[in-house]
Amino acid sequence: MPVLLEVKEKNIIAYISGEVDHHTAKGIRSEIDSEIERLSPEKVILDFSAVTFMDSSGIGLVMGRYKIMQSLSGTVQIQNPPDHIKKVMRLAGLDRIANIINIKAGS
Amino acid sequence: MKILNEIKISFPSRSANESFARIAVSGAVAQFDPCVDELSDIKTAVSEAVTNSIVHAYNMEVGKIDLTIRLLEGKIVYIKIKDYGCGIPDINRAMEPLFTTAPQDERAGLGFAVMESFMDKLTVRSKVGKGTSVILTKKIKSRKAADE
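Residues numbered from 1 in each chain as written. Chains lettered and ligands numbered in written order. Predicted model: local features only at pLDDT ≥ 70, side-chain atom pairs only at ≥ 80, totals over all residues. Heavy atoms only, no water.

Draft legend 1. Region of the structure containing the packing of helix 3 (residues 83-92) of chain A against helix 4 (residues 111-118) of chain B. Two elements in contact, helix 3 of chain A and helix 4 of chain B, have axes separated by 11 Å at closest approach and are oriented at 120°. The orientation of helix 3 of chain A relative to helix 4 of chain B falls into the category oblique. The way helix 3 of chain A lies across helix 4 of chain B gives a crossing that is right-handed. Touching A:Lys87, A:Val88 and A:Leu91 of helix 3 of chain A are B:Ala113, B:Val114, B:Ser117 and B:Phe118, all from helix 4 of chain B. The residue makeup of the contact of helix 3 of chain A with helix 4 of chain B, split by class, is five nonpolar, one polar and one charged. (Axes fitted to C-alpha atoms, helices over the stretch in contact; angles between N-to-C directions. Helix = DSSP H or I, 4+ residues; strand = E, 2+ residues; numbered from the N terminus. Parallel < 35°, antiparallel > 145°, perpendicular 65-115°, else oblique. Left-handed = near helix turned anticlockwise from the far one by under 90°. Contact = heavy atoms within 4.5 Å. Nonpolar A, V, L, I, M, F, W, Y, C, P; charged D, E, K, R; others polar.)

Next up, the structure:
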């Protein structure tokens, strides 16, 4: 499973794992989107801690969810991206549309 | 510049081969003993170039992609990604950050920007109706220099 979904209060947390590229992004986004459609959450948290590779397809993935959440007056948060993935995110300026936070597992 | 090693691979433009291309390049570049950051920069750039060929060159059909990896003297990695697809009519425009012809597919329009910033040099050659070649080069720092 490339994405594991958890619902906490009115938020969806999507634990993405493995490689995010053009090939895998489609499946990940359709899983997240059907959950957004079902719950109309206030916030979608995209957790990248188990992502081993990401190219600009991951940027499209975040921006697409950002647009959907904007239309629901909600927000997107990016959680625990590894350094090399943060580098791609910074290049795209994702930090301007979504909070990027780091939290330790288990806290 | 002297070519120390050269590997050529052809594969069909199926999206499953995006990860194959990254693995092939990682395997070849390993001979230069790159650090983790350099390797992920190269993998990301190659992924962008190959994805461009898959998404744009063959207009939903499957065509051929040629990948050439050369290891050059002075620890320089040369990677060429070549397709025989539709070509790019306006390369400067295609290279503008955020420009994309496939927004419905959630393409961010950042492929060339990623290639440019993650590699030392990017060269794009394209002819409408003939295809596109992307050449990426990067010098691998010796471990000593990288640790300093």
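This is not the end of the story, as more comes after the structure.
Draft legend 2. Spotlight on the packing of helix 2 (residues 36-57) of chain B against helix 4 of chain B. Residues and elements named next belong to chain B. Interhelical geometry of helix 2 versus helix 4 gives an angle of 150° and a closest axis separation of 9 Å. Here helix 4 runs roughly antiparallel to helix 2, going by the angle between their axes. The hand of the helix 2/helix 4 crossing is left-handed. Across from Asp41, Thr44, Ala45, Glu48, Ala49 and Asn52 in helix 2, the residues of helix 4 making contact are Gly111, Phe112, Val114, Met115 and Phe118.

Draft legend 3. Up close: the sheet that holds strand 2 (residues 64-72) of chain B. All names here are of chain B. With antiparallel pairing, five strands are arranged side by side in an open sheet as 1-2-3-5-4. Edge positions in the sheet fall to strand 1 (3-12) and strand 4 (121-127), since each of these pairs with one other strand and no more. Each strand of the sheet is rotated relative to its neighbour by a mean of 10°, with strand direction disregarded. Where strand 2 meets strand 3 (residues 76-83), eight bridges bridge the pair, whose relative direction is antiparallel. Looking at the pairing, Asp66 lines up with Lys82 of strand 3. (Pairing = 2+ DSSP bridges.)

Draft legend 4. Expanded view of unusual backbone geometry. The backbone phi angle of A:Glu9 is positive, close to 50°, even though this residue is not glycine. Note on A:Glu9: relative accessible area 77%, which makes it exposed. You will see that B:Leu98, though not glycine, has its phi angle at about 75°, which is positive. Along the polypeptide, B:Leu98 turns up in the loop between helix 3 (91-95) and helix 4. (Buried < 20%, exposed > 50% of the residue type's maximum accessible area, 1.4 Å probe, protein only.)

Draft legend 5. Looking closely at the pairing of strand 1 (residues 3-8) of chain A. Residues and elements named next belong to chain A. By the bridge criterion, six bridges tie strand 1 to strand 2 (residues 11-20) in an arrangement that is antiparallel. When the sheet's bridge partners are listed, Val7 is paired in strand 2 with Ile12. Here strand 1 folds back onto strand 2, and the loop between the two strands holds two residues, one of which, Glu9, carries a positive phi near 50°.

Draft legend 6. Highlighting the nonpolar core. Grouped together as the largest cluster of nonpolar side chains are 32 residues, with contacts concentrated most on B:Leu67, B:Ile79, B:Phe112 and B:Leu136. With six residues, the single largest contributor to this core is helix 2 of chain B. Ignoring anything within four residues of it in the chain, the contact list for B:Leu67 reads B:Ile7, B:Lys8, B:Ile9, B:Phe11, B:Ala21, B:Ala24, B:Val25, B:Ile79, B:Lys80 and B:Ile81. With 30 residues, the next largest nonpolar core counts A:Leu46, A:Val51, A:Met54 and B:Leu110 among its residues. (Core = buried A, V, L, I, M, F, W, Y, C linked by side-chain atoms within 4.5 Å.)

Scope: geometric values only; no functional claims are made or implied.
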